[in-house]
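Listed below are the residues making up each chain.
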Amino acid sequence: MSKKLYSMLRPKMMPHMLCRGCGHGIVINAVLRAILDLEIPLTECVLVSAAGCMSLATSPHIALDMLHGLRGLAVPCATGIKRANPALRVIVIGGEGDLVSLQTTHLVHAARKNIDITVICANNHICASNGGAASSTTPVGAITATTPKGNTQMPLDICKLLIGAGASYVARYSVAQPKALTRAIKVAIVGKNFAFVEALTMCPTEYGKRNNILEPVDMIKNLKISCMPGDISLGASRKGISDRIVIGEYGRK
Amino acid sequence: MVKQPEINFLSGSEACAQGAIALGCKFFAASPASHGGGIANYMAGHLPDAGGVFLDMENDTAAIAGCIGASWAGLKVMANVCASGLSDGADAISFAIRTETPLVIVDIPSAQSGLQQARWGVRGDYQLIVLAPSSAQEMYELTVEAFNFSEALRVPVVVLADSEIARTKENVSTKKAIKIINRSKRKDAPVFGAARTDTVAPMPPLGSGQNLSISGFVHDEYGMPKVANAAATAKLFERLQNKILSNAKEIIKAESQIPEDSKIILVSYGICARASSAAMKLARKEGYKVGTLRLKTLWPFADEIIKKFCDGKKVIVPEMSKGQLSRELQRCLRADVVPLLKTDGEAITPLEILEKIRKVSQ
């Protein structure tokens, strides 16, 4: 790892708690690389994390100003920080379990305000840290702790929802396209508008095991096969486990 | 030349907002559900002119969460919640207490049903401060005091206002110079702890290069999470309690009007305290030996003051709830506690209190 990237971490607080094969590491890596590549002064960056594995992964391991563990509160808190001190770069980072279920309202209204914050949502289609409950993006038919016979609820297309709410920049990529993901995060941070990046990722421990995908590398392969570049404002086209998912960007000038 | 008025005719809400602005509040958030309090409308009009930010949020959770962020960005912040708003924002307040975030919340519940919730509605074994104004003048003064406590002790402070107090217009004098306390922004000490549990740590703002770790989890004095660590958990909770309780004498205030010969004490707060005052005058005229004790601080509770004035006496508690204040008095007194409960949505009148005084005196 490059020296500069390493200097953004707190080595004394290692090891981290992520499982073998978790995709969160790639998402966090992309965020940190984006910040470095943009040469943003580190004292200007504020990370706000939501509840779940993503908050335990980012803190205390990242050495930046951070508010973490804000279950259901990360987006409005970030809004308050940005309005109070517009010179700060505020980045919300969380999983879809918190961001898409608990903070749907807050995301919609932050998009309406066009508040200049960046929201990075690591979507692994399950609420992993509380034992594998279905989340609002779990595909139809998937087995989870709360849907042992298969999920029957429609997964929410959060990108389409936020585009509808007026978000200026929305992007969806997966950890199988790390360079595109990093680039999208950079565009999101640089823009002076509300920006949302959905990072499709994987949870081998809770999702993979229950749905007969035993190796993390197979989950990456699945992402590679199902991701299809297109117009994300038209919807993810994803209902069931083996359906295609549209990736791309909306609003990039 | 026309002399500027030294006294303003303001509603409690307007006085509260003016007090906040005069003290240097630079950030206010509320949701449309809580605009009925009147404070949001005033702030929307006046706070930006005073160099502050008015943030209109979608619900009360978001309003308080926004305030927490702004507080860490270095500003003095205030939120207004009405009716069931405190229920909505309770988890956010809990986060603010755990991270020792200064924050003033003006709560205007229905009747006097919010007393216990202001203390216990926020899940967790915490201490916070709750003040109870009983006039528009006090809405001004106690809001100022709320900010000062909040900054000095790094704790959320609730100003619990009855809707009668919030809405009634009265004379408010804003002449007196106000004392302003600011949090320490020193960068040379841990931000979440100190050697002694009664010491308040400094609070440098976001963006000052401190790599702040503002954690809702159990944490050590540097903010590093210490999940499932018994020693760290015990230390943090003791600190959050002791920080407030060790300053009880400065925080807990009450106003007593108790002549030497008093045999019956009326204990109340807010709008009921005003009825009690009037009832005392009427009762004294009829020969009843009555005194009043008005609580200005509701939490931490004024156990010592109440014992001092009420032990051995007959105590009448006029309140607009089903006994939320009475039960506290029953808990701390060896005295005859007689609740006077009214929950039909209307304020208790001096005559109703006088009737009770007559009854208990038979």
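Above this text sits the structure in question.
Summary of the structure given here. Because the structure is a prediction, the values reported are computed rather than measured. (Residues numbered from 1 in each chain as written. Chains lettered and ligands numbered in written order. Predicted model: local features only at pLDDT ≥ 70, side-chain atom pairs only at ≥ 80, totals over all residues. Heavy atoms only, no water.)

Within chain A, the regular secondary structure consists of 10 helices and eight strands. Dimensions of chain A along its principal axes, counting C-alpha atoms only, are 50 × 40 × 30 Å. With 253 residues in all, chain A has 57% of them scored as buried. Within chain A, contacts between residues separated by at least 24 positions form 68% of all contacts whose residues are at least 6 apart in sequence. Between the mean site of the 28 positive side-chain charges and the mean site of the 15 negative ones, chain A shows a separation of 1 Å. (Helix = DSSP H or I, 4+ residues; strand = E, 2+ residues; numbered from the N terminus. Buried < 20%, exposed > 50% of the residue type's maximum accessible area, 1.4 Å probe, protein only. Contact = heavy atoms within 4.5 Å. Lys, Arg positive; Asp, Glu negative; His and termini not counted. Charge placed at Lys NZ, Arg CZ, Asp CG, Glu CD.)

The next subject is the pairing of strand β4 (residues 77-82) of chain B. Residue and element names in this part refer to chain B. For β4, the buried fraction is high: six of the six residues fall into the buried class. Burial along β4 is two-sided: the face carrying V77, A79 and V81 and the face carrying M78, N80 and C82 are both buried. Where β4 meets strand β5 (residues 103-108), five bridges bridge the pair, whose relative direction is parallel. Within β5, the position partnered with C82 by the bridge is I108. (Pairing = 2+ DSSP bridges.)

Turning to the packing of aromatic side chains, a few remarks are in order. Residues and elements named next belong to chain B. Under the definition given, this model contains five aromatic pairs over all chains. A centroid spacing of 5.9 Å and a plane angle of 15° characterise the contact between F28 and F54, whose relative ring orientation is stacked. Within this pair, whereas F28 is found in strand β2 (residues 27-30), its partner F54 is found in strand β3 (residues 53-56), the two being separated by 26 residues in sequence. Between W120 and W299, the ring centres sit 6.5 Å apart and the planes meet at 75°, which makes this aromatic pair edge-to-face. With W120 in helix α5 (residues 115-120) and W299 in strand β13 (residues 297-299), the pair connects residues that are 179 residues apart, well separated along the chain. With relative accessibility at 46%, the residue W120 sits in the partly exposed group. By the ring-pair criterion, three or more aromatic residues cluster together here, those being W120, W299 and F301. One cation-aromatic arrangement involves R119 over W120; the distance from NZ or CZ to the ring centre is 3.9 Å. Directly above the ring of W299 sits R119, whose terminal nitrogen or CZ lies 6.0 Å from the centroid. (Phe/Tyr/Trp six-rings, centres within 6.5 Å; stacked < 30°, edge-to-face > 60°. Lys NZ or Arg CZ within 6 Å of the ring centre and 35° of its normal.)

This next bit is on the packing of helix α1 (residues 12-23) of chain B against helix α6 (residues 136-153) of chain B. All names here are of chain B. It is the contact of α1 with α6, at a shortest axis distance of 7 Å, that shows an interaxial angle of 35°. In the crossing of α1 with α6, the sense of the turn from one axis to the other is right-handed. Note on element contacts: α6 touches α1 through A136, M139, Y140, T143, V144, F147 and N148, opposite G12, S13, A15, C16, Q18, G19, A20, A22 and L23. Residues of the contact of α1 with α6, tallied by class, amount to 10 nonpolar, six polar and no charged. (Axes fitted to C-alpha atoms, helices over the stretch in contact; angles between N-to-C directions. Left-handed = near helix turned anticlockwise from the far one by under 90°. Nonpolar A, V, L, I, M, F, W, Y, C, P; charged D, E, K, R; others polar.)

All right, on to the nonpolar core then. Membership of the largest hydrophobic core comes to 157 residues, with the highest contact counts inside it found for L67 and F194 of chain A together with M78 of chain B. Here this core gets nine residues from one element, more than from any other, and that element is α6 of chain B. Counting 52 residues, the second largest nonpolar core, distinct from the first, contains C22, I126, Y173 and I247 of chain A. (Core = buried A, V, L, I, M, F, W, Y, C linked by side-chain atoms within 4.5 Å.)

Here we come to the interface of chain B and chain A. At the interface, 35 residues of chain B touch 31 residues of chain A. The contact between chain B and chain A buries some 2500 Å² in all, and 66% of this surface belongs to carbon and sulfur atoms. Between the two partners, chain B and chain A, sit zero salt bridges. Taken together, chain B and chain A are joined by 12 residue pairs in polar contact (both at pLDDT 80 or more). (Buried area = accessible area lost by both parts, 1.4 Å probe. Salt bridge = Lys/Arg side-chain N within 4 Å of Asp/Glu carboxyl O. Polar contact = N/O pair within 3.5 Å; in protein donor to acceptor, adjacent residues only side chain to side chain.)

Let us look at the environment of L142 of chain B. For L142 of chain B, the position within the fold is in helix α6. When sequence neighbours within four positions are dropped, the list of residues in contact with L142 of chain B reads L131, A132, P133, V159 and K296 of chain B.

What follows deals with the pattern of salt bridges. Two side chains bearing opposite charge may form a pair once their charged atoms approach each other closely. One pass over the structure, following the stated rule, counts 29 salt bridges over all chains. Where E44 of chain A meets R89 of chain A, a salt bridge forms, and the shortest distance between an N and an O atom there is 3.6 Å. Of the two residues, E44 of chain A is situated in the loop between α2 (24-37) and β1 (45-49) and R89 of chain A in strand β3 (residues 89-95); the sequence distance between them amounts to 45 residues. Here E328 of chain B ties to R331 of chain B by a salt bridge, and the two come within 2.9 Å at their closest N and O atoms. Linking E328 of chain B with R331 of chain B, this pair stays in helix α12 (residues 326-332), spanning three residues, or about one helical turn.

Before going further, it helps to spend a moment on helix α7 (residues 158-165) of chain A. Residues spaced three or four apart along an α-helix face the same direction, because each turn holds 3.6 residues. Residues and elements named next belong to chain A. Among the residues of α7, those classed as buried are I158, C159, L162, I163 and A165. All buried residues of α7 fall inside an arc of 160° around its axis, so they share one side. Along its buried surface, α7 packs onto α5 (96-102), α6 (104-113), β5 (169-174), β6 (195-200) and β8 (245-250). Taken from the residues just after α7, G166 is the one with a positive phi, measuring 105°. (Arc of directions from axis to C-beta.)

On to the packing of helix α4 (residues 74-84) of chain A against α6 of chain A, then. Residues and elements named next belong to chain A. In contact at an axis separation of 8 Å, α4 and α6 are set at 30° when each is read in the N-to-C sense. The angle between α4 and α6 places the two elements in the roughly parallel class. Crossing angle aside, the handedness with which α4 passes α6 is left-handed. In this structure, α4 contributes V75, P76 and T79 to the contact, and α6 contributes H106, L107, A110 and K113. The residue inventory of the contact of α4 with α6, partitioned by class, reads four nonpolar, two polar and one charged. (Parallel < 35°, antiparallel > 145°, perpendicular 65-115°, else oblique.)

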